[in-house]
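Overview (structure and organization)
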Amino acid sequence: MTTAPEALTVPEVMAALRLGRTKVYDLIRARKLASFTEGRSRRIPADSLADYLRRKIEESN
């Protein structure tokens, strides 16, 4: 039994959203997608990705 990771890498978020690296970093800079650094690695909390998707769905309705 495996669980989903709680913090995603930028490439994982790129794949989940079907977006490019630049767009994902644009979302981070615009504070539309929360993130943190661990050492030299950028991580996006899974909850932040879920919140972003929820907001986008609400905006489209």
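That block above? That's the structure.
Now for a look at the structure at hand. Keep in mind the model is a prediction, meaning the values are calculated, not measured.

Remarks on helix 1 (residues 10-17)
Taken together, the buried positions of helix 1 are Val 10, Val 13, Met 14 and Leu 17. Projected onto a plane normal to the axis of helix 1, the buried residues spread over an arc of 105° and lie on a single side. Considering only its buried residues, helix 1 is in contact with strand 1 (7-9), helix 2 (21-29), strand 3 (41-45) and helix 3 (46-60). Just beyond helix 1, the residue with positive phi is Arg 18, at close to 55°.

Quick look at unusual backbone geometry
Positive phi outside glycine occurs at Arg 18, with the angle close to 55°. Structurally, Arg 18 can be placed in the loop between helix 1 and helix 2. We note that Arg 31 has phi near 60°; this positive angle belongs to a residue other than glycine.

Rules and cut-offs
Residues numbered from 1 in each chain as written. Predicted model: local features only at pLDDT ≥ 70, side-chain atom pairs only at ≥ 80, totals over all residues. Heavy atoms only, no water. Buried < 20%, exposed > 50% of the residue type's maximum accessible area, 1.4 Å probe, protein only. Helix = DSSP H or I, 4+ residues; strand = E, 2+ residues; numbered from the N terminus. Arc of directions from axis to C-beta. Contact = heavy atoms within 4.5 Å.

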